[in-house]
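Listed here are the chains, written in short residue letters.
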Amino acid sequence: MDSTDGIRRIAINTGGGDAPGLNAVIRAATLAALENGWEVLGIRRGYMGLLQDEVDGEPGLLPLSARSVSGITHLGGTLLGTTSRGNLFGLEVRESDGTWGDRDPSAEIMARFEALGIDALIAIGGDGSLKIAHRLFLKGLRVVGVPKTIDNDLGATDMTFGFQTAVDVATDAIGRLHSTAEAHQRVMVVQVMGRHTGWIALESGLAGGADVILIPEIPYSVEKILEKIAERERTRRRFSIIVVAEGAKPAGGAPSYADSTGRYGGIAAQLAEEIERGSGKETRTLTLGHIQRGGSPVPFDRNLALRFGAAAVHAVERGNFGCMVALQGKSVRSVPLGDAITDIKRVPVDGEMVHTARRLGVCFGD
Ligand code: F6P
């Protein structure tokens, strides 16, 4: 179907890790759709609400009205719930015997959209969820994607909502550590999120006054870190703040994993041990974890999310399916979803921000 004249009902879902700003997207998309006279259905927890009558004791589908999205712009989390578990297709599928299956339910999903008379889906998610949305588009579903991740690692958009909020939280934490580190003449190692890229580490480390910033894009050497600490000692700055992205790794080495599922973790503790042993200085660690995804989105993220939600409805109006809304420069545009999910946006190691940090004396472990 290439005309949007027939649009009567759209669905919205949120998938993958949550990010501050999700509710702002839901609110903007719902209000813009209602203004068109469309009905809006929220799908709980990714696609689970489509495949199960009930999810977590609530109906799987949630009709969205102006009232139901009133006053949610500033709320973290997602009104619809989300999920980041599941099979290759990224879907949790509860089988009739109650176990979690890993079959590909795409045919079932397509049939449910048809049966419910849903004319288009606005899928809000990160790389995993957008890959699902793209596969459903290739199977004939009319989909518009909205990029979401605090990692800010989606190639086709200059920024994703949630990222600035994560940087804000991490910067505040890093800033608070200076006084206690100086009081004890300690090295503090702060582990921040960022599955494959060092955007949060770089931006919060620079803003928070870190002395060392370790990112996946620049494999580090412990010797170089120890040299930086020793240099500070020589100039009577007897404490150091190190910010490390969870996916950072030593030169010639591998990232540290928290468990066998491939989730990152443990690098701060590993580094602290090596630093304490190599420098003789007391070293403490702080893993910020999910606090970077919690709380109310900062104004920048609220406004970017509201813009994305309204732009997604505009794409549906124009019949521009199989696209993803994206921030490019100062404008929100739509880009082909297939292109948007191919490349991860890594920190440019020769970029202006890394260069600035180096000019300020920040060590990247290289
Ligand atoms: O992709 C966003 C992210 O927050 C990563 O930075 C982090 O590694 C991951 O999600 C954590 O996933 P989960 O919430 O499933 O533990």
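Residues numbered from 1 in each chain as written. Predicted model: local features only at pLDDT ≥ 70, side-chain atom pairs only at ≥ 80, totals over all residues. Heavy atoms only, no water.

Engineer: Is there a simple way to explain the pairing of strand β1 (residues 9–14) in this structure?
Structural biologist: Along any regular strand, the residues point their side chains to alternate faces of the sheet. The buried count for β1 comes to 6 of 6 residues, which makes it a mostly enclosed element. Burial along β1 is two-sided: the face carrying R9, A11 and N13 and the face carrying I10, I12 and T14 are both buried. With 5 bridges connecting them, β1 and strand β2 (residues 39–43) associate as parallel partners. Across the sheet, the residue bridging to I10 is V40, located in β2. (Buried < 20%, exposed > 50% of the residue type's maximum accessible area, 1.4 Å probe, protein only. Helix = DSSP H or I, 4+ residues; strand = E, 2+ residues; numbered from the N terminus. Pairing = 2+ DSSP bridges.)

Engineer: I keep staring at unusual backbone geometry and nothing clicks. Help me out?
Structural biologist: Residues apart from glycine generally show negative phi values, whereas peptide bonds are mostly found in trans. Unlike most non-glycine residues, D56 shows phi in positive territory, near 50°. Topologically, D56 is positioned in the loop between β3 (54–55) and β4 (58–59). We note that Q185 has phi near 50°; this positive angle belongs to a residue other than glycine. Turning to its location among the elements, Q185 is positioned in the loop between α5 (163–184) and β10 (187–192). Looking at Q185, the relative accessible area reads 42%, which means it is partly exposed.

Engineer: Help me understand helix α1 (residues 22–35), please; the structure alone is not making it clear to me.
Structural biologist: Along an α-helix, a turn takes 3.6 residues, which lines up residues three or four apart on a common side. When the terminal C-alpha atoms of α1 are compared, their 20 Å separation across 14 residues agrees well with the 20 Å that a helix rising 1.5 Å per residue should span. Taking burial as the measure, the 14 residues of α1 include 10 buried ones, the bulk of the element. Regarding α1, the residues found buried are L22, N23, A24, V25, I26, A28, A29, T30, A32 and A33. Along its buried surface, α1 packs onto β1, β2, β8 (120–125), β9 (143–147) and α9 (299–317). The first or second residue beyond α1 is G37, which carries a positive phi of 85°. (Expected span 1.5 Å × (residues − 1). Contact = heavy atoms within 4.5 Å.)

Engineer: Sorry, what's going on with the sheet that holds strand β14 (residues 323–328) here?
Structural biologist: What holds strands together in a sheet is hydrogen bonding between their backbones, with the strands either parallel or antiparallel. Spatially, the 7 strands line up as an open sheet ordered β5-β2-β1-β8-β9-β14-β15, and their pairing is mixed. Lying at the two open borders of the sheet, with one neighbouring strand each, are β5 (61–63) and β15 (331–336). Pairwise comparison of adjacent strand axes, ignoring direction, gives a mean angle of 25° for this sheet. Two elements, β9 and β14, share 2 bridges in a ladder whose sense is parallel. By the bridge assignment, G145 is partnered in β14 with M324. This element, α1, spans β1, β2, β8 and β9 of the sheet and lies at about 180° to β1. (Axes fitted to C-alpha atoms, helices over the stretch in contact; angles between N-to-C directions.)

Engineer: Help me out: how do you make sense of the sheet that holds strand β12 (residues 240–245) in this one?
Structural biologist: Overall, parallel pairing links the 4 strands, which are arranged β11-β12-β10-β13 in an open sheet. A single partner strand is all that each edge strand has here, and the edge strands are β11 (212–214) and β13 (283–287). Across the sheet, the axes of successive neighbouring strands diverge by a mean angle of 15°, strand direction being ignored. As defined by bridge partners, β11 adjoins β12 across 3 bridges and the pair is classed as parallel. Its bridge partner lying in β12, V212 is registered against I242. Against the sheet, helix α7 (residues 222–234) touches β10, β11 and β12, its axis set at about 160° to β12.

Engineer: Would you take a moment to explain the packing of aromatic side chains for this structure?
Structural biologist: Aromatic ring pairs: the centre-centre distance and the angle between the two ring planes describe each pair. Scanning the entire structure with this criterion turns up 2 aromatic pairs. A cation sits over an aromatic face here: R232 above F239, 5.1 Å from the ring centre. When the ring centre of W199 is taken as origin, the NZ or CZ atom of K345, which lies over that ring, is 5.8 Å away. (Phe/Tyr/Trp six-rings, centres within 6.5 Å; stacked < 30°, edge-to-face > 60°. Lys NZ or Arg CZ within 6 Å of the ring centre and 35° of its normal.)

Engineer: How do you make sense of α5 when you look at a structure like this?
Structural biologist: The end-to-end C-alpha separation of α5 is 32 Å, in line with the 32 Å expected for 22 residues at 1.5 Å each. Its maximal kink placed at H178, α5 deviates by approximately 25°. Among the residues of α5, F163, T165, A166, V167, A170, T171, A173, I174, L177 and A181 are the ones counted as buried. Against β10, α6 (199–207), β12, β13 and α9 lie the buried residues of α5. Directly beyond the C-terminal end of α5, a positive phi value near 50° is found at Q185. (Bend = angle between axes of the 7 residues up to and from the residue.)

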